[in-house]
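Single-letter residue listing:
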Amino acid sequence: MNPSFSSSLSRLREFFLLERRQRETASETPAQRVQAHAHFEQAEQRLKAARVLVDASLVPLALEQFWLAGVALAATYLSRTSPDFELSKRSRAEIFDELSSRAKTAGHQAPAAFVRSVPYLSQAEGDPGATLPAAEAKARANDLDAASYWLTELAKQQPTADLRRTRSARLLALLATLAGVFAMYLIWKSWPVNVALHKHATASSLAYGTTADRAVNGSLWPSADFHSDLENSPFLVIDLGESYRLSNAEVWPRIDCCPEHSLPLEFQISEDGKTYTTVARRDEPFAPHGSWGVTIDKTARYVRLQTMKRNYLVLNEVFVFGRPVN
Ligand SMILES: [Ca+2]
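Residues numbered from 1 in each chain as written. Predicted model: local features only at pLDDT ≥ 70, side-chain atom pairs only at ≥ 80, totals over all residues.

Trainee: Pulling in residues and values, what's your account of the overall build of the protein?
Mentor: Of the regular secondary structure elements, the protein holds eight helices and ten strands. Scaling as 2.2 N^0.38, a compact globule of 326 residues should have a C-alpha radius of gyration of about 20 Å, whereas the protein reaches 37 Å, well beyond that. Referenced to the eigenvectors of the C-alpha coordinate spread, the extents of the protein come out at roughly 105 × 45 × 35 Å. By residue count, 28% of the 326 residues in the protein fall in the buried class. In the protein, the share of contacts with a sequence separation of at least 24, taken over all contacts with a separation of at least 6, comes to 74%. (Helix = DSSP H or I, 4+ residues; strand = E, 2+ residues; numbered from the N terminus. Rg over C-alpha atoms; globule rule 2.2 N^0.38 Å. Buried ≥ 20, exposed ≤ 12 C-beta atoms within 10 Å, placed from the backbone. Contact = placed C-beta atoms within 7 Å.)

Trainee: With reference to specific residues and values, describe the nonpolar core.
Mentor: One finds A196, L236, L315, V318 and V320 to be the most contacted residues of the largest nonpolar core, which totals 32 residues. If you list the elements that add at least two residues to this core, you get β2 (200-203), β5 (235-253), β6 (265-270), β8 (292-307) and β10 (314-324). Of the residues forming this core, the biggest block, seven residues, is contributed by β5. Those residues in contact with V318 that sit more than four places away from it in its chain are A196, A215, V216, I238, A249, V251 and L305. One finds A43, F66, A74 and A155 within the second-largest nonpolar core, a separate group that totals 31 residues. (Core = buried A, V, L, I, M, F, W, Y, C linked by C-beta atoms within 7 Å.)

Trainee: Let's hear about helix α5 (residues 92-105): which residues, and what values?
Mentor: The end-to-end C-alpha distance of α5 is 20 Å, a good match for the 20 Å that 14 residues give at a rise of 1.5 Å each. For α5, the set of buried residues is I95, F96 and L99. Along the axis of α5, the buried positions cluster into a sector of 90 degrees, meaning they face one direction only. More than 90 degrees from the buried face of α5, the exposed residues found are E94, S101, K104 and T105. In the core, the buried residues of α5 are packed alongside α4 (59-81) and α6 (112-121). Backbone geometry just after α5 places G107 at a positive phi near 90 degrees. (Expected span 1.5 Å × (residues − 1). Arc of directions from axis to C-beta.)

Trainee: Pulling in residues and values, what's your account of the pairing of strand β7 (residues 277-282)?
Mentor: Both β6 and β7 contribute to a ladder of five bridges, which runs antiparallel. Note on β7: the bridge partner recorded for Q268 is T278. In sequence, β6 turns back onto β7 through a hairpin of six residues, with G273 there showing a positive phi of about 80 degrees. (Pairing = 2+ DSSP bridges.)

Trainee: Account for unusual backbone geometry, with residues named and values stated.
Mentor: A cis amide bond links L263 with the next residue in sequence, P264, at an omega value of -10 degrees. Topologically, P264 is positioned in the loop between β5 and β6. One non-glycine residue, Y208, lies in the positive phi region at around 60 degrees. With respect to the helices and strands, Y208 occurs in the loop between β2 and β3 (226-227). Look at Y208 and you get exposed, because 11 C-beta atoms sit within 10 Å.

Trainee: Account for helix α1 (residues 3-17), naming residues and giving values.
Mentor: Quick reminder: α-helices carry 3.6 residues per turn. Residues three or four places apart thus point the same way. The end-to-end C-alpha separation of α1 is 21 Å, in line with the 21 Å expected for 15 residues at 1.5 Å each. Burial of α1 is sparse: only zero of the 15 residues sit out of reach of the surface. One or two residues past the end of α1 sits L18, with phi positive at roughly 55 degrees.

Trainee: Describe the packing of α4 against helix α7 (residues 134-155), with residues and values.
Mentor: For the pair α4 and α7, the least separation of the axes is 9 Å and the interaxial angle reads 20 degrees. As judged from the angle between their axes, α4 and α7 are roughly parallel. Seen along the crossing, α4 lies across α7 with a hand that is left-handed. Along the contact surface, α4 presents V59, P60, A62, L63, F66, A69, G70, L73, A74, T76 and Y77, while α7 presents A137, K138, R140, A141, L144, D145, A147, S148, L151, T152, L154 and A155. Counted by class, the contact of α4 with α7 contains 16 nonpolar, four polar and three charged residues. (Axes fitted to C-alpha atoms, helices over the stretch in contact; angles between N-to-C directions. Parallel < 35°, antiparallel > 145°, perpendicular 65-115°, else oblique. Left-handed = near helix turned anticlockwise from the far one by under 90°. Nonpolar A, V, L, I, M, F, W, Y, C, P; charged D, E, K, R; others polar.)

Scope: geometric values only; no functional claims are made or implied.
As structure tokens, then:
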């Protein structure tokens, strides 16, 4: 299996099942929990102060609070994951080295803002940043803020009951999303499409260089794509190729002139191409640039448009909407 694909699957699995977090939480001793809790409380206070200082445009002072919060968050995580961790016995550089290494081994992907912040967080002394240009100090504060969110997520102590609730909520959200996608698929599958498009069409006669298949070419230009001769009951037949459950049709006559052409017009359907049933009839002239909407709601393979007297049959386009029977 492709390593990156495997890694993505592993992350997805962890996101939804939270197995690693549950194992980490379950393996903590009471002493570890107490120590981690103390570090975490301290970190939260520092972070709160840092964000207030940023809002007050006191960025240099905020940097120092982020620097203090960072090590408290790191100590929280290391206290939880290592029974013999003692903050006072490690340098800051060692702490962030160990945190980076443990987080990577555990599969926690560090964001770029944290990676950029590590050199600053690892410094033995906090640099208030007074000597930094204002833009650089603000960029560093932004990085530290983003890094702190990741560290907080990493360090957060989550009781088993909370983990179960989070897992249930994430799985429910996943199921709801899958159900939504499936519903969209069903709607898409049942949505009628123009099943007459580019199907085989024939006519009782042809005139003015037109062709029958231009009545099903999907285009409303030019105006008279199919034009019969003057004859008794001229017709156009569309073979859909197979039976479809037909919902409706949209018949476009010529739109440039002659509203009396094609009338009276019948819309007929057939399963075998021999026996036709009339679905709708139109006697009134077409409105300028208007079409004729026909409700079908039947199964058929053939569609026929027939003028029921001596006249011309002139059609621009016939849209027939339906879905396969099966
Ligand atoms: Ca056309």
